[in-house]
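Here's the letter readout for the chains.
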Amino acid sequence: DLGNVLDTASVHGLSRESLERLDERVAAAHDRIQQGRADSEHGYEALNLPSRTDPAAIRDAVSRFDDPEAIVTVGIGGSALGAATLTDALDSDVDAYYLDNVDPEAVESLLDDLDLSKTVVNVVSRSGTTAETLANFLVVREEMADAGVDWADRTFVTTGEEGNLRDLAEKHDLPSLPVPDGVPGRFSVLSTVGLAAAAICGHDIEALLSGAAAQEARLSDSLFDSPAYAYGAVSYALAERGMSANAMMPYAESLETFSEWFAQLWAESLGKDGLGQTPLRALGATDQHSQLQLYRAGPNDKLVTLVRATERDDVAIPETDLDGLAYLGGSSLGDLLDAEFEATEASLVAAGRPNVRIEIDRVDEYGLGELLYAMEAACVMYGELASVDTFVQPAVEWGKRAARGLLGGGDFEEADAVADKEELV
Ligand code: PA5
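Below you will find a few notes about this structure. In this text, all values refer to a predicted model and were calculated from it rather than measured experimentally. (Residues numbered from 1 in each chain as written. Predicted model: local features only at pLDDT ≥ 70, side-chain atom pairs only at ≥ 80, totals over all residues. Heavy atoms only, no water.)

### What to know about the pattern of salt bridges
Working step 1: Scanning all chains against the criterion turns up 18 salt bridges.
Working step 2: Note that Arg-16 and Glu-20 form a salt bridge whose closest N and O atoms lie 3.1 Å from each other. One end of the pair, Arg-16, and the other, Glu-20, are both in helix H3 (residues 16-38), four residues apart, so they sit about a helical turn from each other.
Working step 3: Glu-20 sits in the partly exposed class, given a relative accessible area of 40%.
Working step 4: As a salt-bridge pair, Arg-32 and Glu-41 come within 2.8 Å of each other at their nearest N and O atoms.
Working step 5: By relative accessible area, which is 31% here, Arg-32 ends up partly exposed.
Working step 6: On the basis of relative accessible area, Glu-41 is assigned to the partly exposed category, the value being 26%.
Working step 7: A single network of salt bridges, built from pairs that share partners, joins Arg-308, Arg-312, Asp-338, Glu-342, Glu-345, Arg-357 and Glu-359. (Salt bridge = Lys/Arg side-chain N within 4 Å of Asp/Glu carboxyl O. Helix = DSSP H or I, 4+ residues; strand = E, 2+ residues; numbered from the N terminus. Buried < 20%, exposed > 50% of the residue type's maximum accessible area, 1.4 Å probe, protein only.)

### Focus on the site of the ligand
Working step 1: If you check the shell around the ligand, you find 14 residues, and the closest are Ser-79, Ser-125, Arg-126, Ser-127 and Thr-130.
Working step 2: In this structure, an oxygen atom belonging to the ligand sits 2.6 Å away from a side-chain N or O atom of Ser-125.
Working step 3: In the environment of the ligand, an oxygen atom lies 3.2 Å from a nitrogen or oxygen atom belonging to the side chain of Glu-268.
Working step 4: Coverage of the ligand by the protein chains reaches 93% of its 390 Å² of free accessible surface.
Working step 5: Judged by its atoms lying within 2 Å of the grid points, the ligand is housed in the largest pocket. (Near = heavy atom within 4 Å. Polar contact = N/O pair within 3.5 Å; in protein donor to acceptor, adjacent residues only side chain to side chain. Areas by Shrake-Rupley, 256 points an atom, 1.4 Å probe, with all protein chains shown as cover. 1 Å grid on protein atoms, 1.4 Å probe; cavity = no way out; pocket = protein on both sides within 12 Å on 5 of 7 lines; lining within 4 Å. Sits in = over half its atoms within 2 Å of the grid points.)

### Things to note about the pairing of strand E9 (residues 355-360)
Working step 1: Judged by how many residues are buried, E9 sits mostly within the fold: five of six residues are covered.
Working step 2: Sheet analysis places strand E8 (residues 302-309) next to E9, joined by six bridges and oriented parallel. Residue pairing across strands places Arg-308 opposite Glu-359, the latter belonging to E9.
Working step 3: Once the chain exits E8 it traverses helix H15 (residues 333-350) before rejoining the sheet at E9, and the crossover so formed is right-handed. (Pairing = 2+ DSSP bridges. Right-handed = clockwise from strand over helix to strand, strands pointing away.)

So this is what it looks like as structure tokens:
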């Protein structure tokens, strides 16, 4: 719902007429995207995943892990956040954890708490060479061996055709899945990369892909017909008009990790050539009591994206005769959350701050598939309109090579740059 962008147009200038003019560029960008998809070009291929991913193959590959108590996904960036978004959003009897960072205290604390004999270790790396992922896996593997657990029996690998992780999987005959070609990490949630963890947790990965396919079917040459393109085009047009930040604010605890996933997608894909829109992470209603002050009364440089599910389980608020609280009784926590959502929208509009409303029916597999696919398509559209190379991440790769070089993992000039840096104390 872009109504609140148009209602604040007098402040930032993005009117219905300017959107109609932008729609000609959306049509051209859509043609380019469709061509890239038809040719399975790097990146564009991600938008083909709803039909290219084989859920039965994923299920089959993980079927040997019956009834685990927990799953630990060892990966980082696009190799962790997609799976984390799914398993944090959906209920399961399997507890899902992530080892993405290499903070020794956090790693130790997680491993201390887990019964490794009942845990599946899901190691994910497209390149198969990422230092954080391999280091964490070596630590977990040793911990398992020390605890007398047959680590090879409880490890699952998703990786490319080459790299250290592929070598390791082959050497120990570990069950594994390939990472599809042409799909960058942050666009890989709907592939083996994100769906293996979801399948191990018992989620309906077919429904996830169906939700994604429903949004895929709505991609068209007009932003007025495609919610995904509308969001991408409007975000781009607002960024051009000074809205240099985008605060992703779901009103559902279960979508908190989705904001992290979105932040990676937006930052790593669009932050190029001095351009981009800084993603911020917020959670409704909690951050109404903190960040909203800034969003409403600080610099007018933000788009606020409000996300909610229209159906959810609810909890009644008990009746009370306490003075002044009668208005709460008979209502529900869901009613209150909805009132907070609408109050936030209205307060932003009253202050001339653009905001977009995104609704899915439920936070379930289908709804998540719709949401994640739509955000990816929005990001691709934004990248086309901004003429940036959405599917590369040279700044991220620079840091990876520097870290490896500093640890003696190869001769990388990026590591020399770190070593040469003068210290000013
Ligand atoms: O989106 C990306 O390309 C990155 O965030 C990668 O997913 C991340 O750096 C991890 O890389 P890899 O999967 O090669 O270990």
